[in-house]
Amino acid sequence: MSMIHIRRHEVAFFPQSARVIIRPFIPEETHRITTIIGRALALSDGEVSEQLGSVSKEFDSRHFDIESLLRGHYEKVRRHVFTQRPLSHDRELLIGALFSGEYALESAAIFNPSMVPHPDQEGIPEGALRFIMSLRATGEGHISSIEFRSGVIGPEGGISMDPVSRFVTVPEILPNPSYDKKRFTIKLSEMGFEDGHVAGVLEPLSENFTRSQLNGSVDAVLASSQPATRDLHRSLECIRWLADSNYELRFPEQLAMSERIIFPVSRNESDGIEDARFVRFTEEDGSVMYYATYTAYNGHAILPQLIETQDFLHFRILTLNGDAVQNKGMALFPRRIGGRFAMLSRQDDENLFIMFSDSPHYWRDPQVILRPSEMWETVKIGNCGSPIETEAGWLVITHGVGPMRKYCIGAALLDLHDPTKVIGRLREPLLAPEGEEREGYVPNVVYSCGSLLHGGDLILPFAVSDRSSSIASIRLDELLHALRKS
């Protein structure tokens with residue numbers, strides 16, 4: 001649009017194949033596991049030492065602590081070791097290496113960014129802002145994960161990024177996470193499990209219970225219900241699946257932001273964690289929580305999930321409840337409205353919806369607020385992250401899909417007190433793919449998962465054709481003027 005000036009910064013994020021993690025690679029067939037272990041057991045101590053030395057020489061410098069990773073992968077196959085003799089430390093590590101492999105997290109793409117203020121604003125110049133950017137990294141097999149970057153927006157609007165480490169570290173999965181009984185029960189009910197088996201497991205548990213307590217209750221119900229029926233096994237399997245889908249992660253404090261990676265953990269996200277939309281949420285008492293909605297994908301179905309963190313070191317991953325928890329693109333408002341949480345969504349994969357709730361974990365009764373209008377968005381519209389509060393109203397950055405599945409970024413303005421009311425929307429795209437931006441894994445796409453305001457500018461990180469990412473700045477007064485005029 002001619003009246004809105006867009007500044008594309010000389011900041012770009014391209015895939016780096018050298019950023020790798022070590023993943024377990026364990027065959028499904030038991031006989032293959034035991035055959036591989038048998039070959040390792042047949043080696044002499046000297047051969048073990050020589051082979052492990054070769055692995056260390058080739059891979060040590062590519063990882064922070066390769067030994068603990070190989071040890072962990074050995075533990076995953078330990079039960080298949082068919083000898084009573086104790087194994088040497090080196091032999092255990094070599095077996096771990098035989099069931100391990102490197103995975104290049106972002107070898108295919110690093111895209112769909114969102115941006116929030118950093119929880120630590122100490123030591124930066126007056127008028128500057130330190131930020132955290134989340135990005136969707138995609139590697140072999142199109143498995144997606146969440147990466148992070150950090151940087152500073154200067155007083156004059158320039159953007160500088162912190163150095164990116166070649167090392168990447170997955171967090172510790174806390175072994176005994178806690179659960180909210182009410183939310184757990186609601187989710188089981190939504191999944192169709194309200195039988196006596198479920199009641200028998202949950203009834204003895206307190207309102208907040210741990211995984212070990214849940215496991216104990218599951219074991220007790222199984223022991224008292226012999227012979228076990230197919231329905232019992234199905235109910236208990238669902239309880240375990242739900243517990244596995246709600247977990248906690250923790251990174252060491254010394255890790256730089258770019259060294260932290262959230263890689264799929266549960267079975268419902270085995271094929272990827274997609275399009276995290278982070279938002280800095282401020283409660284009515286002034287406390288702050290960072291939330292992110294994302295899409296879990298298992299190769300067959302998608303499931304919206306929620307992330308909670310206060311420091312980007314400790315994360316809680318939670319399933320969302322309610323019949324409106326479906327499809328992609330859920331984006332939470334950054335504060336309560338009229339005492340309630342508010343969320344944008346797209347239940348029908350075509351229109352933009354809004355819904356309200358007393359809890360960030362339970363959503364229902366969505367209502368349409370925006371439908372496709374212009375040709376560039378006539379296939380479908382959605383949001384590009386959480387709404388941004390301005391004096392003029394809630395600024396919603398949107399995306400639209402038009403002819404040839406070209407993705408453009410637009411904007412709309414919602415009433416500050418009643419965001420079901422649309423004050424204005426752009427008739428033309430705010431940002432469209434241009435020149436080399438059109439080329440990539442998915443051509444003709446610009447897309448974002450979250451922006452922020454700094455000074456008088458909207459800072460808009462955006463993906464380029466599902467391969468790389470960049471950042472643009474837009475004068476807020478010009479954008480609001482265009483929205484009011486429309």
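**Student:** Would you explain helix α1 (residues 30-41) in this entry?
**Tutor:** An α-helix turns once per 3.6 residues; consequently, residues spaced three or four apart project the same way. Counted at 1.5 Å a residue, the expected span for α1 with its 12 residues is 16 Å, and the 16 Å between its end C-alpha atoms agrees. Turning to α1, the residues buried within the fold contact α3 (66-77) and α4 (89-98).

**Student:** How should the sheet that holds strand β20 (residues 367-370) be read in this particular structure?
**Tutor:** Pairing between the strands of a sheet is mediated by backbone hydrogen bonds and can be parallel or antiparallel. The strand order β17-β18-β19-β20 describes an open sheet built from four strands, whose pairing is antiparallel. Across the chains shown, the open sheet's two edge strands, defined by having one partner strand only, are β17 (331-332) and β20.

**Student:** What am I meant to see in empty space enclosed by the protein here?
**Tutor:** Inspection of the entire model under this criterion finds four cavities of 30 Å³ or more. Each pocket or cavity is described by its volume, and for the largest cavity that value is around 90 Å³. Lining the largest cavity are Ser178, Tyr179, Asp180, Arg183, Phe184, Lys187, Leu242, Asn246, Arg316, Leu318, Thr319 and Asn321. Mapped onto the lining of the largest cavity, the elements with two or more residues apiece are β9 (178-180), α5 (181-190) and β16 (314-319). Of the residues that constitute the lining of the largest cavity, the class distribution is four nonpolar, four polar and four charged.

**Student:** Is there a simple way to explain the pattern of salt bridges in this structure?
**Tutor:** Pairing is possible between side chains of opposite charge, provided their charged atoms come close. Applying the stated criterion across every chain, the model contains 32 salt bridges. Across the salt bridge formed by Glu437 and Arg8, the nearest N and O atoms sit 2.8 Å from each other. Placement of Glu437 in the loop between β25 (422-425) and β26 (446-447) and of Arg8 in strand β1 (residues 6-13) is noted, with a sequence separation of 429 residues between them. Residue Glu437 is classed as buried on the basis of its relative accessible area of 13%.

**Student:** Explain the pairing of strand β24 (residues 407-414) to me, please; I cannot follow it from the model alone.
**Tutor:** Consecutive side chains of a regular strand alternate in pointing toward one face of the sheet and then the other. The buried count for β24 comes to eight of eight residues, which makes it a mostly enclosed element. Residues Tyr407, Ile409, Ala411 and Leu413 line one face of β24 and the alternating positions Cys408, Gly410, Ala412 and Leu414 line the opposite face, and both faces are buried. Relative to β24, strand β23 (residues 393-401) is paired through eight bridges, and the arrangement is antiparallel. Opposite Leu395, over in β24, you have Leu413 as the bridge partner.

**Student:** Please clarify how the sheet that holds strand β11 (residues 247-250) should be interpreted in this entry.
**Tutor:** In space, the six strands of this open sheet follow the order β8-β11-β16-β15-β14-β13, with antiparallel pairing throughout. The sheet terminates laterally at β8 (172-173) and β13 (273-282), the two strands that pair on one side only. Across the sheet, helix α8 (residues 230-245) lies against β11, β15 (302-309) and β16, angled at about 145° from β16, the strand it touches most.

**Student:** Could you clarify how one ought to interpret the packing of aromatic side chains in this entry?
**Tutor:** To describe a pair of aromatic rings, you give the distance between the ring centres and the angle between the ring planes. In this structure the tally under the stated criterion is 16 aromatic pairs. Geometrically, the ring pair formed by Phe148 and Phe312 is edge-to-face, given 5.7 Å between the ring centres and 85° between the ring planes. With Phe148 in strand β6 (residues 144-153) and Phe312 in the loop between β15 and β16, this pair connects stretches of sequence that are 164 residues apart. Residue Phe148 shares its accessibility class with Phe312, and that shared class is buried.

About the thresholds
Residues numbered from 1 in each chain as written. Predicted model: local features only at pLDDT ≥ 70, side-chain atom pairs only at ≥ 80, totals over all residues. Heavy atoms only, no water. Helix = DSSP H or I, 4+ residues; strand = E, 2+ residues; numbered from the N terminus. Expected span 1.5 Å × (residues − 1). Contact = heavy atoms within 4.5 Å. Pairing = 2+ DSSP bridges. 1 Å grid on protein atoms, 1.4 Å probe; cavity = no way out; pocket = protein on both sides within 12 Å on 5 of 7 lines; lining within 4 Å. Points joined across faces, edges and corners; volume = space filled by probe spheres on them. Nonpolar A, V, L, I, M, F, W, Y, C, P; charged D, E, K, R; others polar. Salt bridge = Lys/Arg side-chain N within 4 Å of Asp/Glu carboxyl O. Buried < 20%, exposed > 50% of the residue type's maximum accessible area, 1.4 Å probe, protein only. Axes fitted to C-alpha atoms, helices over the stretch in contact; angles between N-to-C directions. Phe/Tyr/Trp six-rings, centres within 6.5 Å; stacked < 30°, edge-to-face > 60°.

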